[in-house]
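Read off the chains here:
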Amino acid sequence: MKRYTALLFLLILFILPATGENTVTPIPESMGFTLTGLFRGLLGMLSIMAIAWLFSSNRKAINWRVVAIGLGIQIALALSILHIPFVESIFDFVGKIFVKLLSFTEAGTHFLFSSFQTDTIESPLLNFAITILPTIIFFSAITSVLFYFGIIQRVVYYLALAMTKLLRLSGAESLSVAGNIFLGQTESPLMIKAYLEKMNRSEMLLVMSGGMATLAGGVLAVYIKVLGGGDPVQELIYAKHLLAASIMAAPGVVVIAKMLIPQTESISKEVEVSKDRIGKNILDAISNGTTEGIRLAVNVAGMLLVFISFIAMFNFIFLKTGDWFGLNERIAELTNGQYTELSLQFLLGYIFAPLMWLLGVHGQDIDLVGRVLGEKIIMTEFIGYVSLGELKQTGAFFQEKSIIMATYILCGFANFASIGIQIGGIGSLAPGKRIQLSQLGLRALLAGTLASLLSATIIGTILG
């Protein structure tokens, strides 16, 4: 058995392309729109559509008009964000709001963790737990206040109204998908809890997929901090892209979900937002939001601790396996030292590398982008974004476009843990749908992943 395992690994190694050397030089920007980039982008979009078509439950019932409109909206959003000054200025403005709010978080962090002697945060405390997790708590409280005043509901209502008319969705699933742009995968269904028990399979898949394809505001702020690396200019750049990624994922996930399980039953297009509010008054809303934020922050910290520990354990096993079969030296030689041993990161990178090439990622970065995608799916997007931030800081990428595409690819909660979260969260709101939720879990994971890949491909095509 060991002999066959060794032969399999060696076969993988010999057919893999060699990667470029790790470098700390500035990362080159993309060369702009090119015919080659357009061809790669079209190839990527066709590949994603083909995967969705292959896994469709009823290929003949696919509404290609909805697919075309959804793709058109995604492309229009991408072009507007990158090339229309007015739209770009709106995203820049919202991005500046996020960056400014992040600076407010630092005031609370400084009060809690500064030294009494020097009035500064001691250097050993300058880490993820102190600089990143507090943003989750603060943004959770802000979201709760916005929800209390009905601001989020009003924005979601108009977005849902547009999606219902353009994409022929039911009112309930439109509200859920639009709500996921601002709220988490278990919070957004609260707005449609009265409709959940009546939903058919196609509607329920879209509700689940929408939660996996988009990011909530609280964690969005965390990733801005992680990718920005403490630089306000970089934070503003990635705030714009993360906001765009979450918004673009909404029509994208409709396209994929409606290909996987086409809508064949009659639906209600009534759009009615739940009147429920978080808290009896504004102070109660802040208190509830803070409590939820603390729970989320502790959950994130726990997940990171456990998953990073598991990565270390798996990598130790892979390291020993590489020693036994002499694979570590071969890996270091073929990757020019970028990987020095057999590891989980190496395997994930090269498993997803061919797909990354199809999507238009630069050839010398396909293993790095494939690695963070694999970490997102198997573990969580937190692990993926932390890895992306570290790789970005060390100058591991050959092209800046690869980092931006990876930002879009990682957008969303599409990972195996989210299946359990949705079964528990949505299942508590609609107990009669628990079996259906478990049956649709893997399809929702596929839909959320493909929607993020679709957004990344479109952005990559425009960047060139």
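Note that this is a predicted model, so its numbers are computed, not measured.

The rules behind the values
- Residues numbered from 1 in each chain as written.
- Predicted model: local features only at pLDDT ≥ 70, side-chain atom pairs only at ≥ 80, totals over all residues.
- Heavy atoms only, no water.
- Helix = DSSP H or I, 4+ residues; strand = E, 2+ residues; numbered from the N terminus.
- Core = buried A, V, L, I, M, F, W, Y, C linked by side-chain atoms within 4.5 Å.
- Buried < 20%, exposed > 50% of the residue type's maximum accessible area, 1.4 Å probe, protein only.
- Contact = heavy atoms within 4.5 Å.
- Axes fitted to C-alpha atoms, helices over the stretch in contact; angles between N-to-C directions.
- Parallel < 35°, antiparallel > 145°, perpendicular 65-115°, else oblique.
- Left-handed = near helix turned anticlockwise from the far one by under 90°.
- Nonpolar A, V, L, I, M, F, W, Y, C, P; charged D, E, K, R; others polar.
- Salt bridge = Lys/Arg side-chain N within 4 Å of Asp/Glu carboxyl O.
- Lys, Arg positive; Asp, Glu negative; His and termini not counted.
- Phe/Tyr/Trp six-rings, centres within 6.5 Å; stacked < 30°, edge-to-face > 60°.
- Lys NZ or Arg CZ within 6 Å of the ring centre and 35° of its normal.
- pLDDT = per-residue confidence, 0-100.
- Expected span 1.5 Å × (residues − 1).
- Bend = angle between axes of the 7 residues up to and from the residue.
- Polar contact = N/O pair within 3.5 Å; in protein donor to acceptor, adjacent residues only side chain to side chain.
- Patch = residues over 30% accessible without salt bridge, like charges linked within 9 Å, V, L, I, M, F, W, Y side chains within 5 Å.
- Areas by Shrake-Rupley, 256 points an atom, 1.4 Å probe, with all protein chains shown as cover.

A.B. asks: Tell me about unusual backbone geometry, residues and numbers included.
C.D. replies: Its identity as a non-glycine residue notwithstanding, Arg168 has a phi of 55°, on the positive side. Summarising the element assignment, Arg168 is placed in the loop between α7 (151-167) and α8 (171-179).

A.B. asks: Hey, could you go over the nonpolar core for me, with residue numbers and the actual values?
C.D. replies: The biggest cluster of nonpolar side chains holds 131 residues, and the ones touching the most others in it are Met49, Leu215, Ile256, Met356, Tyr385 and Leu388. When residues of this core are assigned to their parent elements, the largest contribution, 16 residues, is made by helix α11 (residues 232-260). In this structure, Leu388 is in contact with Leu227, Val372, Phe397, Ile403, Ala406, Thr407 and Leu410, ignoring residues within four places of it in sequence.

A.B. asks: Run through the packing of helix α3 (residues 64-83) against helix α19 (residues 434-463), naming residues and quoting values.
C.D. replies: At a closest axis distance of 10 Å, the pairing of α3 and α19 adopts a crossing angle of 45°. Between α3 and α19, the angle is such that the two are oblique. Crossing geometry of α3 relative to α19 is assigned as right-handed. Only Ala451, Leu454, Ser455, Ile458, Ile459, Ile462 and Leu463 of α19 make contact with α3, whose side of the interface consists of Leu71, Gln74, Ile75, Ala78, Leu79, Leu82 and His83. Counted by class, the contact of α3 with α19 contains 11 nonpolar, 3 polar and no charged residues.

A.B. asks: Before we move on, can you summarise the pattern of salt bridges with the specific residues and values?
C.D. replies: Evaluated as defined, the whole model comprises 5 salt bridges. A salt bridge links Lys240 to Glu88, with the nearest nitrogen and oxygen atoms 3.5 Å apart. In this pair, Lys240 sits in helix α11 while Glu88 sits in helix α4 (residues 85-113), placing the two residues 152 residues apart along the sequence. Residue Lys240 is classed as buried on the basis of its relative accessible area, which comes to 12%. Classification of Glu88 by relative accessible area gives partly exposed; the value is 23%. Of the charged contacts in the structure, one is a salt bridge between Lys258 and Glu173, with a shortest N-O distance of 3.1 Å. Of the two residues, Lys258 is situated in helix α11 and Glu173 in helix α8; the sequence distance between them amounts to 85 residues. We classify Lys258 as buried; its relative accessible area is 8%.

A.B. asks: Report on the side chain of Glu235, specifying residues and quantitative values.
C.D. replies: Relative to the helices and strands, Glu235 resides in helix α11. The side chain of Glu235 is buried and forms no salt bridge, while Lys225, the nearest opposite charge, is found at 4.1 Å. With residues near it in sequence (within four places) discarded, Glu235 still touches Val99, Leu102, Ile224, Lys225, Gly228 and Gly230.

A.B. asks: An account of the packing of helix α14 (residues 344-359) against helix α15 (residues 366-378) is requested, with residue identities and associated values reported.
C.D. replies: It is at 6 Å that the axes of α14 and α15 come closest, and there the two elements cross at 110°. When the axes of α14 and α15 are compared, the pair comes out roughly perpendicular. You can see that α14 and α15 cross each other, and the crossing is right-handed. The residues of α15 that touch α14, namely those facing Gln345, Leu348, Gly349, Tyr350, Phe352, Ala353, Met356 and Trp357, are Ile366, Asp367, Val369, Gly370, Arg371, Leu373, Gly374, Glu375, Ile377 and Ile378. Taken together, the residues of the contact of α14 with α15 break down into 11 nonpolar, 4 polar and 3 charged.

A.B. asks: Residue-level account of the packing of aromatic side chains, with values.
C.D. replies: Tallying each qualifying case throughout the model produces 8 aromatic pairs. Judged by centre distance (5.2 Å) and plane angle (75°), the rings of Tyr157 and Tyr158 are edge-to-face. An aromatic cluster of three or more residues is present, and its members are Tyr223, Phe382 and Tyr385. When the ring centre of Trp357 is taken as reference, the NZ or CZ atom of Arg40 above it lies at 4.4 Å. Directly above the aromatic system of Trp53 lies the positively charged group of Arg59, at a separation of 4.6 Å from the ring centroid.

A.B. asks: Pulling in residues and values, what's your account of the confidence of the model for the protein?
C.D. replies: Low-pLDDT stretches of the model should not have their predicted coordinates read in fine detail. Within the protein, residue pLDDT values average 81, and 86% of them lie at 70 or more. The least confident element of the protein is helix α1 (residues 2-15), whose mean pLDDT is 39; the most confident is helix α17 (residues 400-409), at 93. Across residues 1-25, confidence stays below pLDDT 50; counting only partners more than four residues off in sequence or on other chains, it has 36 contacts.

A.B. asks: Report on α15, specifying residues and quantitative values.
C.D. replies: In a regular helix each residue adds 1.5 Å, so 13 residues correspond to 18 Å; α15 covers 18 Å between its end C-alpha atoms and thus fits that length. Of all 13 residues making up α15, 12 are buried, and the element is well covered by its neighbours. Looking at α15, one finds that the buried residues are Ile366, Asp367, Leu368, Val369, Gly370, Arg371, Val372, Leu373, Gly374, Glu375, Lys376 and Ile377. The inward-facing, buried residues of α15 contact α14, α16 (381-393), α17, α18 (416-429) and α19.

A.B. asks: Break down α11 for me, citing the residues and quoting the values.
C.D. replies: The end-to-end C-alpha distance of α11 is 41 Å, a good match for the 42 Å that 29 residues give at a rise of 1.5 Å each. Along its length, α11 reaches its greatest deviation from straightness, about 35°, at Ala250, and the proline Pro251 lies no more than four positions downstream. Most of α11 is tucked away: 23 of the 29 residues are buried. One side-chain oxygen of the residue at the start of α11 lies 3.0 Å from the amide nitrogen of Val233, identifying that residue as Asp231.

A.B. asks: Residue-level account of a nonpolar patch on the surface, with values.
C.D. replies: Among the surface-exposed residues, Leu146, Phe149, Ile151, Val155, Leu159, Ile282, Leu283 and Ile286 lie close enough to one another that they form a single nonpolar patch of about 660 Å² accessible area. Looking at the nonpolar patch, the elements with two or more residues in it are α7 and α12 (282-325). In this structure, Leu146 sits in helix α6 (residues 133-148). The partly exposed category is assigned to Leu146, whose relative accessible area is 32%.

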